[in-house]
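# Architecture at a glance
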Amino acid sequence: MTDQRPFITLITGADKGLGFETAKGVGAAGHHVLVGARNAQKGAAAVATLRTLGITADAVQLDVTDHEQIVAAADRIRSQFGYLSVLVNNAGIAVDHHQPASQLALDLARQDMAVNYFGLVDVTQVMLPLLKATHRAKIVNVTSNMGSLGLATDPTSQFFHVNSLGYQASKAAANFATIAFAKELASTGITVNSVNPGWTATGFGGRDVTQAAPAGMQDVATGAAQIIKMTLDDSGATGTFTENAGPLPW
Ligand SMILES: NC(=O)c1ccc[n+]([C@@H]2O[C@H](COP(=O)([O-])OP(=O)(O)OC[C@H]3O[C@@H](n4cnc5c(N)ncnc54)[C@H](OP(=O)(O)O)[C@@H]3O)[C@@H](O)[C@H]2O)c1
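Keep in mind it's a predicted model, so treat the numbers as computed, not measured.

## What about the site of the ligand?
Taken together, 28 residues sit near the ligand, with Asp15, Leu18, Asn90, Tyr167 and Thr202 positioned nearest. The separation between an oxygen atom of the ligand and a polar side-chain atom of Asp15 is 2.6 Å. Within the backbone of Leu18, one N or O atom sits 2.8 Å away from an oxygen atom of the ligand. When the ligand is considered free in solution it has 890 Å² of accessible area, and contact with the protein chains removes 94% of it. At the level of elements, helix H1 (17-28) and helix H6 (165-185) are the ones that each hand at least two residues to the shell around the ligand. Partitioned by chemical class, the residues of the shell around the ligand number 11 nonpolar, 11 polar and six charged.

## Thoughts on the sheet that holds strand S3 (residues 57-61)
Read across the sheet, eight strands follow the order S3-S2-S1-S4-S5-S6-S7-S8 without closing on themselves; strand pairing throughout is mixed. Because the sheet does not close on itself, it has two edges, and the strands there are S3 and strand S8 (246-247). Alignment of strand S2 (residues 32-37) against S3, held across five bridges, turns out to be parallel. Bridge pairing in S3 places Ala37 opposite Gln61. Where helix H7 (residues 220-232) meets the sheet, it contacts strand S1 (8-11), strand S4 (86-89), strand S5 (138-142), strand S6 (191-195) and strand S7 (241-243), and its direction lies at approximately 165 degrees from that of S5.

## A few points about the pattern of salt bridges
Throughout the structure, instances matching the rule amount to five salt bridges. Residue Asp58 is joined to Arg51 by a salt bridge in which the shortest nitrogen-to-oxygen separation is 3.2 Å. Asp58 gets classed as buried once you look at its relative accessible area, which sits at 14%. Residue classification places Arg51 among the partly exposed residues on the basis of a relative accessible area of 48%. Across the pair Arg78 and Asp75 runs a salt bridge whose closest N-O atoms are separated by 2.9 Å. With Arg78 and Asp75 both in helix H3 (residues 67-80) and three residues apart, this pair spans about one turn of that helix. The exposure class of Arg78 is partly exposed, given its relative accessible area of 38%.

## Observations regarding the environment of Gly82
Tracing the backbone shows Gly82 in the loop between H3 and S4. Its relative accessible area of 33% is what places Gly82 among the partly exposed residues. Through-space distance from the C-alpha of Gly82 to that of Thr134 is 9.2 Å; in sequence the pair is 52 residues apart. Not counting chain neighbours up to four residues away, the residues in contact with Gly82 comprise Ile77, Leu130 and Ala133.

## Comments concerning the packing of H3 against helix H4 (residues 106-131)
One can describe the packing of H3 onto H4 by two numbers: an axis separation of 10 Å at closest approach and a directional angle of 20 degrees. Accordingly, the angle class assigned to the pair H3 and H4 is roughly parallel. Judged by the sense of rotation from one axis to the other, the crossing of H3 with H4 is right-handed. Counted together, His67, Ile70, Val71, Ala73, Ala74, Ile77 and Arg78 of H3 and Asp122, Val123, Val126, Met127 and Leu130 of H4 form the full contact between these two elements. Grouping the amino acids of the contact of H3 with H4 by side-chain chemistry returns nine nonpolar, one polar and two charged.

Definitions and limits used
Residues numbered from 1 in each chain as written. Predicted model: local features only at pLDDT ≥ 70, side-chain atom pairs only at ≥ 80, totals over all residues. Heavy atoms only, no water. Near = heavy atom within 4 Å. Polar contact = N/O pair within 3.5 Å; in protein donor to acceptor, adjacent residues only side chain to side chain. Areas by Shrake-Rupley, 256 points an atom, 1.4 Å probe, with all protein chains shown as cover. Helix = DSSP H or I, 4+ residues; strand = E, 2+ residues; numbered from the N terminus. Nonpolar A, V, L, I, M, F, W, Y, C, P; charged D, E, K, R; others polar. Pairing = 2+ DSSP bridges. Contact = heavy atoms within 4.5 Å. Axes fitted to C-alpha atoms, helices over the stretch in contact; angles between N-to-C directions. Salt bridge = Lys/Arg side-chain N within 4 Å of Asp/Glu carboxyl O. Buried < 20%, exposed > 50% of the residue type's maximum accessible area, 1.4 Å probe, protein only. Parallel < 35°, antiparallel > 145°, perpendicular 65-115°, else oblique. Left-handed = near helix turned anticlockwise from the far one by under 90°.

This is how it looks when you write it as structure tokens:
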């Protein structure tokens, strides 16, 4: 029997950037959006803006590196809704800045891993019982072409010349989480997919958003398009890694 209940979608790091744009897109499609934000005030402000657009949304305080906060968020979703339809693991940071691998401070690499990989896995593990409480659940992991081992080792790819071990390793690890969860959850019907938004004009990595975007950097609506598409996708596709232009090599 089809689940007729409303879609409840949690997006981590949704107070700004690609997460907020995704909230707008899936909210406009009728999902009730749970805006994950580590800063409660920023989360509330994002929700207020979404509501002015006619989107139903609530803020959920969620630092993905804080296990107790993740559990508290899941408890709240359980008591308020009883299930979760979609988890978009979007929160991410890049605190290393292309230092050569030999000079990368391990503390920076650990920070990237803590948010982009361990945070993603922790949130996924804690939210899984809620996702299993509806039969059409999805997990969308926002990773990066920077985490593609295939592109990094392809001499014809522009990513062959990119060397940013902390961030790249964290996104490659996040892609592996997609593969591992997709395999484990295949029999449950829960789909798990990675999406590369592409180089997008947000404040990511400390970029000053008041400055004009450099040539080649796409706007945030273009960056969020594939995330939104995979969040709304009902094809049953799982274990994929895609961007607007199509599939990417792992
Ligand atoms: N922009 C790009 O060119 C690009 C390219 C490829 C992939 N991506 C990926 O896209 C995702 C979104 O990036 P963006 O461009 O939208 O960057 P952004 O504007 O900097 O947004 C990042 C979001 O993640 C949140 N965040 C950071 N650390 C967190 C934590 N510990 N717990 C919870 N939330 C946390 C931020 O919260 P605060 O507001 O509190 O800082 C913010 O909401 C990231 O995973 C990034 O790796 C971006």
